[in-house]
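What follows is each chain in one-letter form.
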Amino acid sequence: MVTVRAPGKVILYGEHAVVYGEPALAMAIDKYVYVTARVRGDNKINITAMDLRLVGVSVTILENGDIVAKTDYGAVISALSYVKRALELAMEYVGEKKGVDLVIRSEMPVGAGLGTSAAVSVGTILAYIRALGYDIEKRDLARLAWQVEKDVQGAASPTDTAMATFGGVMYIKPEGSDVTMEPVKPGAEVPLIIGYIPRTATTKELVAMVRRKYETMREIIEPIIRTIGLITRRGREALERGDLELMGALMNINHGLLDSLGVSTRQLNEIVYAARNAGALGSKLTGAGGGGCMIALSDKADVKRAIELMGGYVLSARLDNEGAKVISEE
Ligand code: MEV
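Residues numbered from 1 in each chain as written. Predicted model: local features only at pLDDT ≥ 70, side-chain atom pairs only at ≥ 80, totals over all residues. Heavy atoms only, no water.

**Student:** Just to check I follow, could you spell out helix H2 (residues 116-131) for this structure?
**Tutor:** In an α-helix, one full turn covers 3.6 residues, which means residues spaced three or four apart are oriented alike. Counted at 1.5 Å a residue, the expected span for H2 with its 16 residues is 22 Å, and the 22 Å between its end C-alpha atoms agrees. Counting buried residues in H2 gives 15 out of 16 residues, a clear majority hidden from the surface. Remark: Gly133 follows H2 within two positions and exhibits a positive phi of approximately 90°. (Helix = DSSP H or I, 4+ residues; strand = E, 2+ residues; numbered from the N terminus. Expected span 1.5 Å × (residues − 1). Buried < 20%, exposed > 50% of the residue type's maximum accessible area, 1.4 Å probe, protein only.)

So this is what it looks like as structure tokens:
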């Protein structure tokens, strides 16, 4: 029996602008998806998704075997497609098919933009391969998990699967149709409080909405996107120096620009401002927007309370530096 974990991630700076060739900065967080795999004596795959720990999220297994993760706010995610494809690719990789019992649980809300589907894919591949007694290099693990995301979603950026595999902070640079990722070493601990609220739009819709604005008001939108790119570059330097004050100030500007692109919502703005008023060094939405998650640079209980009072669920997070790893083997 093998248990592995794979971290989620947040985007510190640069979401949306990254679609237009600007860099983004992503940080793996110490909130994990855990996958336990036990080899069976037969060919069956038996998957159990344990209760997700957060309020308002439940996972049910339907009679046809589909796993549906359902949140309070109506988002329904079929996690099974990721697990199934991850198992297929893991079986191909080792060239051996064995039945397994899989138990999957998540410390993060599913579908909120924290990279849970990538963590499920990475965790499932690693757990299966190790349960059968094989090994896999991280490069291969990231590549296979990215393939899972591409196969399930049609298109996917390699960011989430790379973060779930390698952990740490990565400077993501799109180069044509390629993406390079440079590890970044923070000069200080980065305490984050993550708030999340129901999503009212999908990533696809939000990216398309920004695209329409870009096409109809290019001379206005283009400089906003380039400025977000500058913020990401300065944000990276601030992080490397451990200058949390500057990081916070840059988060605030980044949020204002994301709001100007139309991807924030009233409630998200309220939470972002409540966190600042309660003493956060900075705060912004993270990910695609339209509800979902925000981050506040703080570890203060006051900031958590402020977010909760505004109707957000709260999660504290710090950097995960290890990425996917085996945590027990029997
Ligand atoms: C979503 O987490 C980040 C976006 O920039 C979309 C993307 O880069 O694929 C909004």
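**Student:** Can you walk me through the packing of helix H5 (residues 203-216) against helix H6 (residues 218-241) in this structure?
**Tutor:** Packed helix pairs are characterised by how far apart their axes lie and by the angle those axes make with each other. Contact geometry of H5 with H6 gives a least axis separation of 6 Å together with a crossing angle of 125°. With respect to their mutual orientation, H5 and H6 come out oblique. Between H5 and H6, the contacting residues are Lys213, Tyr214 and Thr216 on the first element and Arg218, Ile221, Glu222, Ile225 and Arg226 on the second. The residue inventory of the contact of H5 with H6, partitioned by class, reads 3 nonpolar, 1 polar and 4 charged. (Axes fitted to C-alpha atoms, helices over the stretch in contact; angles between N-to-C directions. Parallel < 35°, antiparallel > 145°, perpendicular 65-115°, else oblique. Contact = heavy atoms within 4.5 Å. Nonpolar A, V, L, I, M, F, W, Y, C, P; charged D, E, K, R; others polar.)

**Student:** I tried to follow unusual backbone geometry on my own but got confused; where do I start?
**Tutor:** Glycine aside, a negative phi is what most residues show, and trans is what most peptide bonds show. A positive phi angle is found at His16, which is not glycine, with a value near 70°. You can see His16 is positioned in the loop between strand S1 (2-13) and strand S2 (24-39). A residue is classified by how much of its surface remains accessible, and His16, at 5% relative accessible area, is buried.

**Student:** Is there a simple way to explain the site of the ligand in this structure?
**Tutor:** In the neighbourhood of the ligand, the contacting residues comprise Ile11, Glu15, His16, Val18, Val19, Gly287 and Ala288. When the ligand is considered free in solution it has 290 Å² of accessible area, and contact with the protein chains removes 74% of it. (Near = heavy atom within 4 Å. Areas by Shrake-Rupley, 256 points an atom, 1.4 Å probe, with all protein chains shown as cover.)

**Student:** What is the right way to read the packing of helix H7 (residues 244-261) against helix H8 (residues 266-277) from this model?
**Tutor:** Where H7 contacts H8, the two axes come as close as 12 Å, and the packing angle between them is 165°. Taken together, H7 and H8 sit at an angle that is classed as roughly antiparallel. As for the relative orientation of H7 and H8, their crossing is left-handed in sense. Of the residues in H8, those in contact with Asn252, His255 and Asp259 of H7 are Asn269, Val272 and Arg276. Partitioned by chemical class, the residues of the contact of H7 with H8 number 1 nonpolar, 3 polar and 2 charged. (Left-handed = near helix turned anticlockwise from the far one by under 90°.)

**Student:** Is there a simple way to think about the sheet that holds strand S13 (residues 313-317) in this case?
**Tutor:** In sheet architecture, strand pairing relies on hydrogen bonds along the backbone and comes in two forms, parallel and antiparallel. Sheet architecture is open: 4 strands sit in the order S11-S12-S10-S13, paired in antiparallel fashion. With one partner strand each, in any of the chains shown, strand S11 (283-286) and S13 form the two edges of the open sheet. For this sheet, the mean angle separating the axes of adjacent strands, direction not counted, is 25°. Pairing of S11 with strand S12 (residues 292-297) involves 4 bridges; the strand directions are antiparallel. When the bridges of S12 are listed, Thr286 appears paired with Cys293. Strand contacts of H7: strand S10 (192-197), S11 and S12, with the helix running at about 55° to S11, the strand carrying the most contacts. Taken strand by strand, helix H9 (residues 301-309) contacts S10, S12 and S13, and its axis lies near 155° from that of S13. (Pairing = 2+ DSSP bridges.)

**Student:** Any chance you could explain the side chain of His255 here in plain terms?
**Tutor:** Structurally, the position occupied by His255 is in helix H7. When sequence neighbours within four positions are dropped, the list of residues in contact with His255 reads Ser264, Asn269, Val272, Arg276, Ser283, Lys284 and Leu285.

**Student:** Mind showing me how you'd approach the nonpolar core here?
**Tutor:** General note: in soluble globular proteins, nonpolar side chains tend to be found buried as a group. The biggest cluster of nonpolar side chains holds 92 residues, and the ones touching the most others in it are Val10, Leu12, Ile125, Leu192 and Ile194. Once you skip the residues sitting within four places of it in the chain, Val10 turns out to touch Leu25, Ala26, Met27, Ile29, Leu114, Leu192, Ile194, Thr286 and Ile295. One finds Ala24, Ala28, Met163 and Met170 within the second-largest nonpolar core, a separate group that totals 6 residues. (Core = buried A, V, L, I, M, F, W, Y, C linked by side-chain atoms within 4.5 Å.)

**Student:** Please explain the pairing of S10 as it appears in this structure.
**Tutor:** The side chains of a regular strand alternate, residue by residue, between the two faces of the sheet. Of all 6 residues making up S10, 6 are buried, and the element is well covered by its neighbours. Covered by surrounding structure in S10 are Leu192, Ile194 and Tyr196 together with Ile193, Gly195 and Ile197, the residues of both alternating faces. Bridge count for S10 against S12 is 6 bridges, and the pairing is antiparallel. Note on S12: the bridge partner recorded for Ile197 is Gly292. With 5 bridges connecting them, S10 and S13 associate as antiparallel partners. Across the sheet, the residue bridging to Gly195 is Val314, located in S13.

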